[in-house]
Amino acid sequence: QVQLVESGGGLVQPGGSLRLSCAASGSFFMVNSMGWYRQTSGKQRELVAVITRGGSTNYTEPVKGRFTTSRDNARNTVYLQMNSLKPEDTAVYYCNAQIVLSLRQINYWGQGTQVTVSS
């Protein structure tokens, strides 16, 4: 069974930093694109950052210059380094991955990790 397991959330003061990790485990052929989304109460889940298997990245405008996503293909792990955090970054952050199982690709989600930016 394929799982995405996240870690690294928590409480941080404005201007601080956090690093999220998400590891894919189980039986699969390979992991294609991986990404991070976030969601606050009453709002739709929004894309934060995405990274292709080859390392190309894309970010939503509010986090450009502050967040960096990277991945380790050997460990099937994606990271989100969040710097200069703002209260508006407070949300549940979800990892997403496009995982290839034999002849098909399936979209998987992590369980979510809370990030709270507050003084």
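Only a predicted model underlies this, so the values are computations on that prediction, with no experimental measurement involved.

I tried to follow the overall build of the chain on my own but got confused; where do I start?
Secondary structure summary: the chain contains 0 helices and 11 strands in total. If you list the helices and strands of the chain from N to C, you get β-β-β-β-β-β-β-β-β-β-β. Relative to the globule expectation of 14 Å for 119 residues, the C-alpha radius of gyration of the chain, 14 Å, shows essentially globular dimensions. Projected onto its principal axes, the C-alpha positions of the chain cover 45 × 25 × 20 Å. Classification of the 119 residues of the chain by burial places 42% in the buried group. Put simply, 54% of the contacts in the chain that link residues at least 6 apart link residues at least 24 apart. Of the accessible surface of the chain, which amounts to about 6300 Å², a share of 46% is contributed by carbon and sulfur atoms.

Explanation requested: the state of the cysteines in the structure shown.
As used in these notes, a disulfide is a covalent bond between sulfur atoms, one from each of two cysteines. Within the structure shown, the criterion is met by 1 disulfide. One disulfide bridge connects Cys22 with Cys95, the sulfur atoms lying 2.1 Å from each other. Of note, the bridge from Cys22 to Cys95 carries an S-S torsion of about -80° and is left-handed in sense. On the criterion of sequence distance, the pair formed by Cys22 in strand E3 (residues 18–25) and Cys95 in strand E9 (residues 91–101) is long-range, its members being 73 residues apart.

I'm lost on the sheet that holds strand E1 (residues 3–7) in this one. Help?
Think of a sheet as strands paired side by side through backbone hydrogen bonds, with each pair either parallel or antiparallel. Pairing within the open sheet is antiparallel, and its 4 strands lie in the order E1-E3-E8-E7. Each edge of the sheet is formed by a strand with only one pairing partner; in this case those strands are E1 and strand E7 (67–72). Neighbouring strand axes in the sheet, compared pairwise and without regard to direction, differ in orientation by 15° on average. Sheet topology note: the E7/strand E8 (residues 77–82) ladder contains 6 bridges and is antiparallel. If you follow Phe67 over to E8, its bridge partner there is Met82.

Sorry if this is basic, but what is going on with the environment of Thr113 here?
Looking at the element boundaries, Thr113 is found in strand E11 (residues 113–117). Overall, Thr113 belongs to the buried group, its relative accessible area being 11%. Put simply, Thr113 and Glu61 are 52 residues apart on the chain and 21 Å apart in space, counted from C-alpha to C-alpha. For Thr113, the contacting residues outside a window of four places in its chain are Glu6, Gly9, Leu20, Ala91, Val92 and Tyr93. Polar side-chain contacts of Thr113 include one of 3.3 Å to the backbone nitrogen of Gly9.

It is not clear to me how the packing of aromatic side chains should be interpreted in this structure. Could you clarify?
This structure, assessed with the given rule, holds 1 aromatic pair. The ring of Tyr79 carries Arg19 above its face, with NZ or CZ at 4.1 Å from the centroid. Taking the ring centre of Tyr94 as reference, the NZ or CZ of Arg45 above it sits at 3.6 Å.

I tried to follow the side chain of Thr69 on my own but got confused; where do I start?
Counting through the fold element by element, Thr69 comes out in strand E7. A distance of 2.8 Å separates a polar side-chain atom of Thr69 from the backbone oxygen of Tyr79. What Thr69 contacts, discounting residues up to four positions off in sequence, is Trp36, Ala49, Val50, Ile51, Thr57, Tyr59, Val78, Tyr79 and Leu80.

The rules behind each value
- Residues numbered from 1 in each chain as written.
- Predicted model: local features only at pLDDT ≥ 70, side-chain atom pairs only at ≥ 80, totals over all residues.
- Heavy atoms only, no water.
- Helix = DSSP H or I, 4+ residues; strand = E, 2+ residues; numbered from the N terminus.
- Rg over C-alpha atoms; globule rule 2.2 N^0.38 Å.
- Buried < 20%, exposed > 50% of the residue type's maximum accessible area, 1.4 Å probe, protein only.
- Contact = heavy atoms within 4.5 Å.
- Areas by Shrake-Rupley, 256 points an atom, 1.4 Å probe, with all protein chains shown as cover.
- Disulfide = S-S within 2.5 Å.
- Pairing = 2+ DSSP bridges.
- Axes fitted to C-alpha atoms, helices over the stretch in contact; angles between N-to-C directions.
- Polar contact = N/O pair within 3.5 Å; in protein donor to acceptor, adjacent residues only side chain to side chain.
- Phe/Tyr/Trp six-rings, centres within 6.5 Å; stacked < 30°, edge-to-face > 60°.
- Lys NZ or Arg CZ within 6 Å of the ring centre and 35° of its normal.

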